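# An overview of the molecular structure
One-letter residues, chain by chain:
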Amino acid sequence: MTEPRTDWTREEIADLFDLPFMELVFRAAETHRAHHDANAVQLSTLLSIKTGGCVEDCGYCSQSASHETGLKATKLMDSRAVLQAAAQAKDHGSSRFCMGAAWREPKDRDMPAIVEMVKGVRAMGMETCMTLGMLSEKQAKQLADAGLDYYNHNIDTSPENYANVITTRSFQDRIDTLDHVRSAGINVCCGGIVGMGEKREDRVGFLHALATMEHPESVPINALVPVKGTVLGDMLADTPLAKIDEIEFVRTVAVARITMPRSMVRLSAGRESMSESTQALCFLSGANSIFTGDKLLTAPNAGDDNDAAMFARMGIKAMPAEAPRVAVAAE
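## A look at the overall build of the chain
Along the backbone of the chain there are 11 helices and 12 strands. Split into buried and exposed, the 331 residues of the chain put 55% on the buried side. Taking contacts inside the chain between residues at least 6 apart in sequence as the whole, the part at least 24 apart equals 77%.

Put into C-alpha cells, the structure is as follows:
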C-alpha cells in the first residue's frame, strides 16, 4: 500500500479549499471509502478528570485560571469514579474513552493515578486517550507502559496564528510533546479549532502543519464554542465571526481527509449547534468519529439519544471496538 504523502505544499492545500464544493466533497468521499468503512462512525466519550484552574491562557478555554467564566476548579478525580464513568460510556455504545485534565503539564505525583486509569479502561476493552498538557519523555514512557493507545495534544491553529490564541507556551512546545509521544510508541491525536476568527489561510496552514508531519493517527476538528469570559468568547460574541460558516467547516473536514487519508478524522466540539445536514456532509467528507454524551469536557454536547436517532435516520452504524492500531516507537 502506498504511504500517504507528507510533502503537501500550502499551495496544494489552498487549491483543495478552493475547489467547487461538490468536487471537493466527492474527492474526499472517494478517499474516505478507499481507507475506511463509509457507513461506520466511532463513538467516543470525553471525560474531564480534572477541571479548571489551568495556568495556560488559551483564548478559547473556559478552564484557564486567567478567565472569569464561573467554572469551579476541581482536583483530579478518584480513579474509581473515572472507571465507573468509562463503564457507563461503554454501556452507551462508546468504544473509545478519552480523559482530559486542565494542566499545563502533569506532575510526577499525579502519574500513578493516571496510569491506574489507563490500565483500568484498557481492561474494559475500550480504546484509551489522554490529554494532560505537555509531557516529558519520562511521562510519555510511563503512559506507553500503561498501555495508552492515543495521546491528544492539539496544535490548535496555524503556526502564524498561534500567538494570537495562546501566549503561555509556544507552537514548538506543542511539537516537542508530540515528539515525546511518538517516540514512546503512543498513537498521536492532534488537531485544532476553527472558527476562532482566523482566515482561510490559517486553516490552510493548520492542515499543512498536520499533513507534513508523520500523520497523526487521530485528527480532531473542533468548531469554537464561544464561552463568555474567555478572550475569544468575548471578542467574537454577537459578531458574524462567532460561528464558522458550515460549508467552510465541511471544507476543512474534507481537506483533512484528502491530505491525511488513513487518519481518524474526529468531528469534535461545536457539533451540538450543527444541523444534522451539516453533520451528514461531514460524514460524507470523511469524518468517522464523534464524541457522544451530554458534555464535552465543560461544553454542551448533542447527547446519546440524539446521536442514536441521527445514526438511525442516516443508516450509520457505530464502529465496533477493535484492537487499537499499534504505534511504533521512534528509533
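## A word on the side chain of arginine 257
Inspection of the secondary structure puts arginine 257 in helix α9 (residues 246-259). Of the side chains bearing the opposite charge, aspartate 37 lies closest to the buried arginine 257, which forms no salt bridge; the N-O distance is 12 Å. A distance of 3.3 Å separates polar atoms of two side chains, one belonging to arginine 257 and the other to histidine 32. Not counting the four nearest positions on each side in its chain, arginine 257 is found in contact with Ala28, Thr31, His32, His36, Arg262, Ser263, Met264, Val265, Ser285, Gly286 and Asn288.

## A look at the nonpolar core
Ranked by internal contacts, the top residues of the largest apolar core, which has 82 residues, are Ile49, Met130, Leu143 and Phe249. The biggest single contributor to this core is α9, with seven residues. For leucine 143, the residues in contact, after removing those within four places along its chain, are Met111, Ile114, Val118, Leu132, Leu135, Leu148, Tyr151 and Ile186. Within the second largest apolar cluster, six residues are counted, among which are Leu46, Cys129, Cys189 and Phe291.

## Points about the packing of aromatic side chains
Summed over the entire model, instances satisfying the criterion amount to two aromatic pairs. Look at phenylalanine 283 and phenylalanine 311: their rings are 6.3 Å apart centre to centre, the planes differ by 85°, and that puts the pair in the edge-to-face class. Placement of phenylalanine 283 in helix α10 (residues 276-284) and of phenylalanine 311 in helix α11 (residues 304-314) is noted, with a sequence separation of 28 residues between them. Over the aromatic face of tryptophan 8 sits the side chain of arginine 5, whose NZ or CZ is 4.2 Å from the ring centroid.

Cut-offs and rules
- Residues numbered from 1 in each chain as written.
- Predicted model: local features only at pLDDT ≥ 70, side-chain atom pairs only at ≥ 80, totals over all residues.
- Heavy atoms only, no water.
- Helix = DSSP H or I, 4+ residues; strand = E, 2+ residues; numbered from the N terminus.
- Buried < 20%, exposed > 50% of the residue type's maximum accessible area, 1.4 Å probe, protein only.
- Contact = heavy atoms within 4.5 Å.
- Lys, Arg positive; Asp, Glu negative; His and termini not counted.
- Salt bridge = Lys/Arg side-chain N within 4 Å of Asp/Glu carboxyl O.
- Polar contact = N/O pair within 3.5 Å; in protein donor to acceptor, adjacent residues only side chain to side chain.
- Core = buried A, V, L, I, M, F, W, Y, C linked by side-chain atoms within 4.5 Å.
- Phe/Tyr/Trp six-rings, centres within 6.5 Å; stacked < 30°, edge-to-face > 60°.
- Lys NZ or Arg CZ within 6 Å of the ring centre and 35° of its normal.

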